[in-house]
Amino acid sequence: MPEYDLCFSFSSTNEAGSYKIIELTPDLTTLIETAIAKDEDPRLSIKGQPDEDAVLCSSTKTYGMRSVGLSNTVLVVTPVPDERASEFAEDAVIIRDQLNEIIELAPVVPKLHKLSALIKNREYDGDNEDEDDDGMDRFTYHDAKQEIQASDVEIDQGLKTRRVLIINNELRPIAPAFLAHLLELILNLLVSLSMNYTSVSVEALSSALADDHEVSRAVSTQVMSWFGEIKDAKWKMDVDGVVKELGLGILRKHRHDPIAKDDLLAAWKKLAGDTFEPSVSLKLLEANYIETIDTMGNGASVLRYFPASELPVDPAARFSDLFLTRSIWRGEEISPFLSDIAVNSKERDKLLLKYCRTVTGPEGIRYTARAQYNG
Amino acid sequence: MIIPVTLASASTTAANPKLPPGLVKLSNDEIVLIELQGALEVDLSDPTERNGKLVGKLKMDEATNKPTLLIGHHLLEGKIAALPKPYAILVRSGGSSSSSASVRGTTTAANTSSTTSTAPGNGDRRMPKRTPDQTDAESLDDDADESMAVDDDNNDNDDNDNNDHAVSLGNAGSGSGAGWKIAGIVKKKIIFSKRPMPVIKRK
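Reading guide: rules and limits
Residues numbered from 1 in each chain as written. Chains lettered and ligands numbered in written order. Predicted model: local features only at pLDDT ≥ 70, side-chain atom pairs only at ≥ 80, totals over all residues. Heavy atoms only, no water. Helix = DSSP H or I, 4+ residues; strand = E, 2+ residues; numbered from the N terminus. Rg over C-alpha atoms; globule rule 2.2 N^0.38 Å. Buried < 20%, exposed > 50% of the residue type's maximum accessible area, 1.4 Å probe, protein only. Contact = heavy atoms within 4.5 Å. Lys, Arg positive; Asp, Glu negative; His and termini not counted. Charge placed at Lys NZ, Arg CZ, Asp CG, Glu CD. Core = buried A, V, L, I, M, F, W, Y, C linked by side-chain atoms within 4.5 Å. Axes fitted to C-alpha atoms, helices over the stretch in contact; angles between N-to-C directions. Parallel < 35°, antiparallel > 145°, perpendicular 65-115°, else oblique. Nonpolar A, V, L, I, M, F, W, Y, C, P; charged D, E, K, R; others polar. Pairing = 2+ DSSP bridges. Salt bridge = Lys/Arg side-chain N within 4 Å of Asp/Glu carboxyl O. pLDDT = per-residue confidence, 0-100. Left-handed = near helix turned anticlockwise from the far one by under 90°. Buried area = accessible area lost by both parts, 1.4 Å probe.

1. Focus on the overall build of chain A
Link 1 in the chain: Secondary structure summary: chain A contains 13 helices and 17 strands in total.
Link 2 in the chain: Rg of the C-alpha trace for chain A: 27 Å, well past the compact-globule value of 21 Å for 375 residues, more than 25% over.
Link 3 in the chain: By its C-alpha atoms, chain A is 85 × 60 × 45 Å across when sized along the principal axes.
Link 4 in the chain: Counting all 375 residues of chain A, 47% fall into the buried class.
Link 5 in the chain: By sequence separation, contacts in chain A at least 24 residues apart represent 61% of the contacts at least 6 residues apart.
Link 6 in the chain: Computing the positive centroid from 41 side-chain charges and the negative centroid from 63, chain A places the two 7 Å apart.

Written out as structure tokens, the structure reads:
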């Protein structure tokens, strides 16, 4: 029976604390094993500021790290390195470290809200300012990669969905009014230049915008990439995306004054024009409005601008805000307002279970606040 | 702040000595995890005294695949257990051995253990054996070249700033730009969960 000497490492005091165990998810396991097999960089990094909880980012996903204590001790044991082999018996193995905790990983939503907060003062609305701007701190794309706790792919995706431009290496969110104006220009140009929206020449469109409307090419190309795909110098427009943005443009004016649903739809269809009118649908504006019955008027449905992106990120605070706005919700009404803080529908259901009380009524299941006080 | 997590390159891995034959087939050919209930307590005046000292004899019965560990007069019987999820073993690379990393988060209490003595080694984690100095940062540029997430500017700039902060990630991870290397992935462990049996050695 083979017998091995188990010894302390030759420098156990120095090595203590230099090992960590991380429990991997199946996809990370595959990622690392493939990287080992191909001798490639797995592109993993741990990101976070000293006051934030650490996250592990691959190139595409973000995982939260939680430390779990063990009541047992785990010894990390390896063979003896060649240079020290003489000090140990032939078949000795050494204890490198004794661990009492393991780090667990759980997929999390990328923490992009910090990005919005950091750049919200630098909105871009088409005015060309001077280059030397009184020494203000510019937040660059590189800064975003360093400071935001999200993977690279998620950061890029986040910049697109949050409509952030990269101008002169600085990240700047586009002013909503300017974006709506740009989209209208684009739609008009598509008609006047009789271009097919499934295959638009990027050069032609951006030249027209630059020459006639003083929109820089950098801006127009980025906006095109948000609303469709650019491939081989051709832009294929994402109709739903553009139509949604047009609808949002109208809805944004009704943050405090609700607009009748029918009025909104009519104005929206008019803006979209004949070609895109069929795509107009209230479902596109999900998570951006609250619908109520106007009891004062004629009983019609009215809508108010209520974007999920402005709600708090922390679940408890978000539910508190949602229930302050409306005390009882149907499942399909409240779910869109949770999709940006829950990784998948299972997580979303867990949040509902944790923070809401379920009321089963004649209209089906509805959700109401759990705590009666504002905790 | 970004701390890169890299792999050891294949050439260095191939050069590393492998575990003895009985253990190599467990799951990883360079690392084995041994789980004990309780911890190893050593009676020492100076913590470095235990360096290189024998702890016990680990036997692997090939027929039944049962491991046993003989420590002094105690025989521990164990078994090979598959881990519910594979573990990645990370080892600090570069930087100094200052205080151990502690990741914030909730801790969960697991099952009770039979012996609950703590090894004196735990105390040592707080004592740096080598003081962090500027040269560590320079030597890390080689590591930084291999890892993609950190660029050289970041290493030099962050050097002194972050040393004072209470870091959620290890101190060595911040200032000197140290990273972590994945030493390997382990899918099985040896766990000794039965009470030790006293044995008397026959002369």
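The discussion continues.
2. Description of the nonpolar core
General note: in soluble globular proteins, nonpolar side chains tend to be found buried as a group.
Residues and elements named next belong to chain A.
Link 1 in the chain: Counting 47 residues, the largest nonpolar core has Leu205, Val219, Val223 and Trp235 as the members making the most contacts within it.
Link 2 in the chain: Sorting the residues of this core by element identifies strand 7 (164-167), helix 6 (176-192), helix 7 (202-213), helix 8 (217-226), strand 11 (234-237), helix 9 (239-251), helix 10 (261-276) and strand 14 (301-305) as the ones contributing at least two each.
Link 3 in the chain: Top element by residues in this core is helix 6. It accounts for nine residues.
Link 4 in the chain: Apart from the residues within four sequence positions on either side, Leu205 is in contact with Ile186, Leu189, Met195, Val200, Met224 and Trp235.

3. Here we look at the packing of helix 6 of chain A against helix 8 of chain A
Residue and element names in this part refer to chain A.
Link 1 in the chain: Close contact between helix 6 and helix 8 brings their axes to 12 Å; oriented N to C, the two are set at 85°. Taken as axis vectors, helix 6 and helix 8 run roughly perpendicular relative to one another. Contacts between helix 6 and helix 8 involve Phe178, Leu179 and Leu182 on the former and, on the latter, Val219, Val223 and Trp226.
Link 2 in the chain: Grouping the constituent residues of the contact of helix 6 with helix 8 by class yields six nonpolar, no polar and no charged.

4. Points about the sheet that holds strand 12 (residues 259-260) of chain A
Adjacent strands of a sheet pair through backbone hydrogen bonds, lying either parallel or antiparallel.
Residue and element names in this part refer to chain A.
Link 1 in the chain: Taken together, the three strands give an open sheet; going across it, the order is 12-14-13, and neighbouring strands pair in antiparallel fashion. The open sheet has two free edges, formed respectively by strand 12 and strand 13 (289-293), since each of these has just one partner strand.
Link 2 in the chain: Alignment of strand 13 against strand 14, held across five bridges, turns out to be antiparallel. Its bridge partner lying in strand 14, Thr292 is registered against Val302.

5. Quick look at the sheet that holds strand 11 of chain A
Residue and element names in this part refer to chain A.
Link 1 in the chain: Taken in spatial order, the three strands make up an open sheet running 9-11-10, and their pairing is antiparallel. Of all strands in the sheet, those bounded by a partner on one side alone are strand 9 (200-201) and strand 10 (228-231).
Link 2 in the chain: Note: strand 10 against strand 11, four bridges, orientation antiparallel. Its bridge partner lying in strand 11, Gly228 is registered against Met237.

6. Notes on the pattern of salt bridges
Residues and elements named next belong to chain A.
Link 1 in the chain: As enumerated under the stated definition, the model contains 26 salt bridges over all chains in all.
Link 2 in the chain: Arg163 is paired through a salt bridge with Glu245; the nearest N and O atoms lie 3.5 Å apart. Of this pair, Arg163 sits in the loop between helix 5 (152-161) and strand 7 while Glu245 is found in helix 9, placing the two residues 82 residues apart along the sequence. Exposure class is identical for Arg163 and Glu245. Each is buried.
Link 3 in the chain: A single network of salt bridges, built from pairs that share partners, joins Arg326, Arg330, Glu332 and Glu333.

7. Observations regarding unusual backbone geometry
Link 1 in the chain: Positive phi outside glycine occurs at A:Asp232, with the angle close to 55°.
Link 2 in the chain: Judged by relative accessible area, A:Asp232 falls into the exposed class, the value being 71%.

8. Let's talk about the confidence of the model for chain B
Residue and element names in this part refer to chain B.
Link 1 in the chain: For chain B, the mean per-residue pLDDT works out to 65, and 58% of the residues sit at or above 70.
Link 2 in the chain: The model gives residues 170-176 a pLDDT under 50, and that stretch makes 27 contacts with residues more than four places away or in other chains.
Link 3 in the chain: This complex was scored by the predictor with a pTM of 0.75 and an ipTM of 0.78.

9. Quick notes on the packing of helix 6 of chain A against helix 9 of chain A
When two helices pack together, their arrangement is given by the angle between the helix axes and the distance between those axes.
All names here are of chain A.
Link 1 in the chain: Between helix 6 and helix 9, the least distance of the axes is 10 Å, while the angle of their chain directions is 130°. Classified by the angle between their axes, helix 6 and helix 9 sit oblique to one another. The element helix 6 and its partner helix 9 pack so that their crossing is left-handed. Where helix 6 abuts helix 9, its residues Leu179, Leu183, Glu184 and Leu187 lie against Val242, Glu245 and Leu246.
Link 2 in the chain: Taken together, the residues of the contact of helix 6 with helix 9 break down into five nonpolar, no polar and two charged.

10. Concerning the interface of chain B and chain A
Link 1 in the chain: The interface is formed by 85 residues belonging to chain B together with 76 residues belonging to chain A.
Link 2 in the chain: Taken together, the two surfaces of chain B and chain A that pack against each other cover about 7,100 Å², and 58% of this comes from carbon and sulfur.
Link 3 in the chain: At the boundary of chain B and chain A, one finds three salt bridges.
Link 4 in the chain: Linking B:Lys187 and A:Glu33 is a salt bridge whose minimum nitrogen-to-oxygen distance equals 2.6 Å.
Link 5 in the chain: Listing elements by their share of the side of chain B that touches chain A, those giving two or more residues are strand 1 (2-7), helix 1 (10-15), helix 2 (21-24), strand 2 (32-37), strand 3 (54-61), strand 6 (79-93), helix 3 (121-124) and strand 7 (179-192) of chain B.
Link 6 in the chain: A class-by-class count of the residues in the side of chain B that touches chain A yields 46 nonpolar, 21 polar and 18 charged.
Link 7 in the chain: Across five bridges, the pairing between strand 2 (residues 19-23) of chain A and strand 6 of chain B is antiparallel. From the neighbouring strand, A:Tyr19 faces strand 6 of chain B, where its bridge partner is B:Val91.

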